[in-house]
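# Architecture at a glance
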Amino acid sequence: MSHAIDIRDLHYRAGKAFEIRDLQLRVPTGSLYGFLGPNGSGKTTTVRLLLGLLRPLRGTILVLGADVASQIPRILARTGYVPEQPHLYPTLTVGEAQRFHAAFYPTWDWAWAGELAGQFGLDRDRRLAQLSKGEMGKLEMLLALAQRPELLVLDEPTDGLDPVVRRDVLAALLDYVSQHNATVFISSHLVHELERICDWVGVMDRGRLVAELPMQSFKNGIKRLRVVNPPALPGDTPFVVLAREANAGVETWTVRGWQGPMQAYFEGVGASLREVIDLDLEEGFVELLRTFREPAPPV
Amino acid sequence: MFRMILFTQWKWARAVVALGAVIAFALPVLSVGQFGREQASRWEVQAMLSSIQSWGVLYPVVAGLLALLIAVLTWSPDHRGRHVYALTLPVPRWHYVLGRFGAGALLLAAPVIALWAGALIAAAAASIPPGLQAYPTMLALRFSLAVLVAYALLFAVASATTRTAGYVLGVLAALILVEVLLSVADVNVHILGPALMRVFLWPGPLEIFTGRWMLIDV
């Protein structure tokens, strides 16, 4: 499998308070990769490292097969970026902002830019300073898409947008991806949004990558089990026990890597499995972070 | 690409460029404005030279101010966006910086040309007595060099982060404060004087700003 983004042994430190340590992250080419994590977990820092805005202390970052340290203009020419905060020049009009952006990208598609502007309801003559947050979000997405990128790096692209604008922006994104087989790396803390559109997920917390796996495995793999007569020590389980909570003789186990045939384990230790509860991505995400922060499961 | 960089800078700085061009045009015209084509008496010649010399003080001031404003306006929108946009454009950084510098320098050509035009008109309109010469082209060249030198220095300072610019200004302020304190304490040590001499006297980088800026001279 080829990777649009391949980060190896990355180490970055921002002052004494925060660091990213030994980050290994691989985004399969053509995937929609959801980069999840709570605020301050290092998502935006990772995005900035990817785009060459920050320099790591050590490690390598390959984007679209090229090394960020030495070939960043080549990478940026093939990458569309939507930042967390609007970064365009507010004195320009929508039309001028497009002309400025297009001048730097030989692959810019004017016809599609016009189509997107119409679809988003963006007035060419309005100054950027007069745009609402939603309109600015649409313009940022338009600029990223109309340059026809192979990779889209989106940092909280829908944060603070109303549901209608969010739907428009994501629809345009999915439309582009389905037509061009582009890779999307989308950083967000809006778990439900990523659950709907992403096929891979990476979870970041406190500067570490906690998990990286296909979305389906992530969603299916984390379960809540109701166990009767549980063993005092779980022993050698075929799944990973993330948490245990006792409640009137029945314990609730939160586990990762669960598959149906594994219930034989409980018969082997004299316990019985009463119920298997599916968790949605948000619950799985919260459990994963809780385990990462308190690694020892309560007995 | 350069055309669009120039366009953005024009949008940000057009008011300053237009005002600078008007002032630059007006300076030489006003400096000889009251002296017509009639044969001037000796007293009038002295008065004219004195007037031109007085107005001449303003040329380096205008050059410095224009350079400062254009340098600041060149970088302020990028500073506001924390340079994220510029740094994510697919061009080498030196390429972008050179583009911004070139665009600013090109905009400064407008006041220089305006000053040249004003100087040519003023020289043609004034009654120049025998023994005196008008140097409109030299004055414009000198103005352009002063503007360019000041712009290059201020462009470098303005491109730095606010913190770095603060450090530069802080060091200057500290030097002035030390000089004042030493003078109050009656200590015969001068820091600023020798430093300024090195900067403003040949071969200092700002030597172009010193001396007499005369449209008409002997």
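Residues numbered from 1 in each chain as written. Chains lettered and ligands numbered in written order. Predicted model: local features only at pLDDT ≥ 70, side-chain atom pairs only at ≥ 80, totals over all residues. Heavy atoms only, no water.

## Here we look at the packing of helix α3 (residues 58-80) of chain B against helix α5 (residues 93-125) of chain B
Residues and elements named next belong to chain B. What counts here: To define axes, lines are fitted to C-alpha atoms, for helices over the stretch in contact only, and angles between the resulting N-to-C directions are given on a 0 to 180 degree scale. Secondary structure follows DSSP: runs of H or I at least 4 residues long count as helices, runs of E at least 2 residues long count as strands, and numbering of each begins at the N terminus. Put simply, a crossing is left-handed when the front helix is turned counterclockwise from the back one by less than a right angle, and right-handed when it is turned clockwise. Two residues form a contact once any of their heavy atoms are found within 4.5 Å. Under the grouping applied here, Gly and all other residues not named as nonpolar or charged are polar, the nonpolar ones being Ala, Val, Leu, Ile, Met, Phe, Trp, Tyr, Cys and Pro and the charged ones Asp, Glu, Lys and Arg.
Where α3 meets α5, the axes come as close as 10 Å, and the angle between the chain directions of the two elements is 145°. Crossing handedness for the pair α3 and α5: right-handed. Contacts from Y59, L66, I70, T74, W75 and D78 in α3 reach Y96, V97, R100, G104, L108, P111 and L115 in α5. For the contact of α3 with α5, a count of residues per class yields 9 nonpolar, 2 polar and 2 charged.

## Observations concerning the packing of helix α4 (residues 110-120) of chain A against helix α6 (residues 163-180) of chain A
All names here are of chain A. Heads up, the condition is: The labels follow the angle: roughly parallel below 35 degrees, roughly antiparallel above 145, roughly perpendicular from 65 to 115, and oblique for the rest.
It is the contact of α4 with α6, at a shortest axis distance of 11 Å, that shows an interaxial angle of 150°. With respect to α6, the element α4 is oriented roughly antiparallel. Relative to α6, the crossing made by α4 is right-handed. Seen from α4, the contacting residues are W112, L116, Q119 and F120; seen from α6, they are D168, V169, A172 and Y176. Within the contact of α4 with α6, the residues separate by chemical class into 6 nonpolar, 1 polar and 1 charged.

## Focus on the interface of chain A and chain B
For the record, the criterion: We define buried area as the total accessible area lost by two parts upon association, computed with a 1.4 Å probe and summed across both. A pairing counts as a salt bridge when a side-chain nitrogen of Lys or Arg comes within 4 Å of a carboxyl oxygen of Asp or Glu.
Opposite the 21 residues of chain A that make contact, chain B presents 22 residues. Summed over both sides, the interface of chain A with chain B buries roughly 2200 Å², with 70% coming from carbon and sulfur. Its largest share of buried area at the contact with chain B, chain A owes to A:Y89, A:F100 and A:F104, together 32% of the area lost on that side. At the surface where chain A touches chain B, the tally comes to 1 salt bridge. With its nearest N and O atoms 2.8 Å apart, the salt bridge here joins A:E96 to B:K11. Of all the secondary structure elements, the ones that give two or more residues to the side of chain A that touches chain B are α2 (68-77) and α3 (94-102) of chain A. Ranked by residue count, the leading element in the side of chain A that touches chain B is α3(A), at 4 residues. Each residue belonging to the side of chain A that touches chain B can be placed in one class, and the counts come to 14 nonpolar, 5 polar and 2 charged.

## Considerations on the pairing of strand β3 (residues 32-36) of chain A
Residues and elements named next belong to chain A. The line we're drawing: Burial classification: accessible surface area is computed with a 1.4 Å probe over protein chains only, and a residue below 20% of its type maximum counts as buried, one above 50% as exposed, and the rest as partly exposed. Criterion used throughout: strands pair if DSSP finds at least two bridges between them.
Counting buried residues along β3, 5 of its 5 residues qualify, which places the element largely inside the surrounding structure. Burial along β3 is two-sided: L32, G34 and L36 facing one way and Y33 and F35 facing the other are all buried. Where β3 meets strand β8 (residues 183-188), 5 bridges bridge the pair, whose relative direction is parallel. Residue pairing for β8: G34 is matched across the bridge by I186. Taken together, the 4 bridges between β3 and strand β9 (residues 200-205) define a ladder with parallel strand orientation. Paired with G34 across the bridge in β9 is V201.

## Notes on the pattern of salt bridges
All names here are of chain A. Within this structure, the stated rule accounts for 17 salt bridges over all chains. For the salt bridge of E135 with R126, the shortest nitrogen-to-oxygen distance reads 3.0 Å. Residue R126 is classed as partly exposed on the basis of its relative accessible area, which comes to 27%. One salt bridge connects D168 with R167, and the closest N-O pair in it is separated by 3.8 Å.

Everything listed is a geometric property; what it means functionally is a separate question.
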